[in-house]
Amino acid sequence: MTKQRSKLVVGNWKMHGRLAANAALLEGVAQGAQALPADVRVGVCVPFVYLAQAQALLGGSRVAWGSQDVSAHEQGAYTGEVAAGMVADFEAGFAIVGHSERRAYHGESPELVAVKTQRALAAGVTPIVCVGETLEERESGATEQVVGAQLDAVLAVLSEQEAAQIVVAYEPVWAIGTGRSATTQQAQQVHAFLRARLAAKGANVADVPLLYGGSVKPDNAAELFRQADIDGGLIGGASLKAQDFLAICAAATAGASVAG
Ligand code: PGA
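Predicted model, so just to flag it, every value in this text is computed and none were measured. In this convention, every chain numbers its residues from 1, walking through the sequence in written order. In view of the model being predicted, local features appear only for residues whose pLDDT reaches at least 70, and side-chain atom pairs are presented and counted only at 80 or more, with totals across whole chains, interfaces and linings using the full set of residues. Hydrogens are left out, water is left out, and the side-chain values use all remaining heavy atoms of the structure.

Only DSSP runs of H or I with at least four residues qualify as helices, and only runs of E with at least two residues qualify as strands; both kinds are numbered from the N terminus onward. Along the protein, the regular secondary structure elements total eleven helices and eight strands. Radius of gyration here uses only the C-alpha atoms, and the compact-globule reference equals 2.2 Å multiplied by the residue count raised to the power 0.38. In terms of C-alpha radius of gyration, the protein reaches 17 Å, essentially the compact-globule figure of 18 Å for 260 residues. Its C-alpha atoms put the protein at 45 × 45 × 35 Å along the principal axes. The long-range fraction of contacts in the protein, counting pairs at least 24 apart against all pairs at least 6 apart in sequence, stands at 73%. What makes two residues a contact is simply this: any of their non-hydrogen atoms within 4.5 Å.

With that out of the way, let us pick up the environment of K7. You can see K7 is positioned in strand β1 (residues 7-12). It is 8.5 Å that separates the C-alpha atoms of K7 and G233, two residues lying 226 residues apart in sequence.

What follows deals with the sheet that holds strand β6 (residues 167-170). Spatial ordering of the closed barrel is given by β1-β2-β3-β4-β5-β6-β7-β8, a layout of eight strands whose pairing is parallel. Averaged over all adjacent pairs, the angle separating strand axes in this sheet is 25°, with direction ignored. Here, strands pair whenever DSSP counts at least two bridges between them. Here β1 runs beside strand β2 (residues 40-45); their pairing, made up of six bridges, is parallel. In the strand pairing of β2, V9 is matched with V42. Axis lines are fitted through C-alpha atoms, for helices just across the contact stretch, and the angle between N-to-C directions can take any value from 0 to 180 degrees. Across the sheet, helix α9 (residues 184-201) lies against β5 (126-131), β6 and β7 (210-213), angled at about 150° from β7, the strand it touches most.

Let's shift gears to the confidence of the model for the protein. Fine structural detail should not be taken from predicted coordinates in areas where pLDDT scores are low. On average, residues of the protein score 95 in pLDDT, and 96% of them reach the 70 mark or higher. Note that residues 255-260 has pLDDT below 50 and, in this model, 18 contacts with residues that lie over four places away or in other chains. The pLDDT value expresses, per residue, how confident the predictor is, ranging between 0 and 100.

Turning to the pattern of salt bridges, a few remarks are in order. Any two side chains of opposite charge can pair, given that their charged atoms come close. The term salt bridge refers to a pairing of a side-chain nitrogen on Lys or Arg with a carboxyl oxygen on Asp or Glu at a separation within 4 Å. Taken as a whole, this structure holds 13 salt bridges when the rule is applied. Its salt-bridge partner being D207, residue R5 comes within 3.2 Å of it at the nearest N-O pair. With a gap of 202 residues between them, R5 in the segment before β1 and D207 in the loop between α9 and β7 connect regions that are remote in the sequence. Remark: exposure states derive from per-residue accessible area (1.4 Å probe, protein chains only) relative to the maximum for the residue type, with buried under 20%, exposed over 50%, and partly exposed in between. Residue classification places R5 among the buried positions, given a relative accessible area of 14%. Across the salt bridge formed by R5 and D231, the nearest N and O atoms sit 2.9 Å from each other. You can see R5 sitting in the segment before β1 and its partner D231 sitting in the loop between α10 (218-225) and β8 (232-235), a full 226 residues away along the chain. Taken individually, R5 and D231 each receive the classification buried, so the pair is uniform in this respect. Linked through salt bridges whose partners overlap, the residues forming this network are R5, R195, D207, D229 and D231.

Now for the site of the ligand. Neighbouring residues of the ligand: 13 residues in total, closest K14, H99, E171, G177 and S215. Within 3.5 Å is the distance limit for a polar contact, defined as a pair of N or O atoms, with the added protein rule that one can donate a hydrogen and the other accept it, and that residues adjacent in sequence qualify only through two side-chain atoms. A distance of 2.7 Å separates an oxygen atom of the ligand from a polar side-chain atom of H99. In isolation the ligand offers 280 Å² of accessible surface; the protein chains occlude 97% of this area. Partitioned by chemical class, the residues of the shell around the ligand number four nonpolar, seven polar and two charged. Only heavy atoms are used to decide nearness, and a residue is near a molecule or strand if one of them lies within 4 Å of it. Areas reported as accessible are Shrake-Rupley estimates using a 1.4 Å probe. Residue values count occlusion only from the protein chains shown. Ten residue types, Ala, Val, Leu, Ile, Met, Phe, Trp, Tyr, Cys and Pro, are classed as nonpolar, four, Asp, Glu, Lys and Arg, as charged, and the remainder, Gly among them, as polar.

See the structure below:
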C-alpha cells in the first residue's frame with residue numbers, strides 16, 4: 001500500500017521578474033490558488049529583492065513564498081550574500097539550495113549545499129534540496145551514484161529530526177529549461193531510489209516530499225504527479241505564467257499517487 005502524501009508544487013522564478021509584472025503574477029496565483037483542492041500546497045521562490053513584495057501580496061493567501069538560495073554563513077563580511085535569517089525576516093517558507101545552476105555556475109560543492117541546508121533549517125525556513133545528473137552522467141549509467149552522493153552529503157550533516165523537515169527536488173540537468181522532461185518512468189525510478197535513501201536515514205525521513213523538476217508543463221504534470229514517489233514539482237519556466245502554474249498545481253491533486 002502506498003502512503004498518501006499531500007502534494008507540493010513550488011515555482012522557481014530564477015532571475016526573472018520586475019515589480020509591475022510580478023504584482024500581476026503574484027495576484028493571479030494567489031487568487032487562482034483559492035480554487036485548488038485542499039491537499040495541494042503551493043509556493044513560489046522569487047529573487048531575494050522581491051521577497052518583500054511576495055510577502056505583501058501573498059500574505060494571507062494559500063501560497064507560500066521563498067528564496068532561491070541562502071548563504072552558507074550566518075552573518076558577517078560576505079559582500080553580496082544573503083543570510084537565511086534575512087530570508088526568514090520576510091516569513092519565507094522555503095529556500096531552494098543546491099540548484100544545478102548554482103552548482104554549475106557558482107561551483108557549489110555537495111558540502112557547501114549541506115551547510116546551506118543547515119542554515120535554512122536553523123532559520124526556520126524549509127530547504128528544497130536539489131539533486132540531479134547531467135546528460136553525460138546519465139548516459140554513462142552514473143545517475144544513482146551522482147544523485148545518491150548529492151543527497152548523502154546533505155543527510156550526513158543532519159539529525160534524523162532535521163532530515164525529516166527538508167524537501168528534496170530531483171531535477172535532471174538535461175531536462176531543465178530544455179522542453180525535454182524525463183519520462184515518468186525515468187523520474188519515478190530515480191524518486192524510488194531517493195525514497196529508499198531517505199528511508200535509510202530513519203523512518204521519519206521516508207516521507208520527505210520528493211519533487212520532480214525539469215520541463216514540467218500543464219500537459220505532462222498530471223502523469224508525473226501520479227507516480228508513487230513523485231509528491232509534486234519544482235517548476236521553472238511554466239511558473240512565470242499564472243495560468244500554466246495553476247494548471248500544474250491543479251494536476252497535483254487528481255494525480256493522487258497510484259500504488260507503487
Ligand atoms: P524548468 O526549470 O521547469 O524551466 O525546466 C526547473 C528548475 O530549474 O527548477
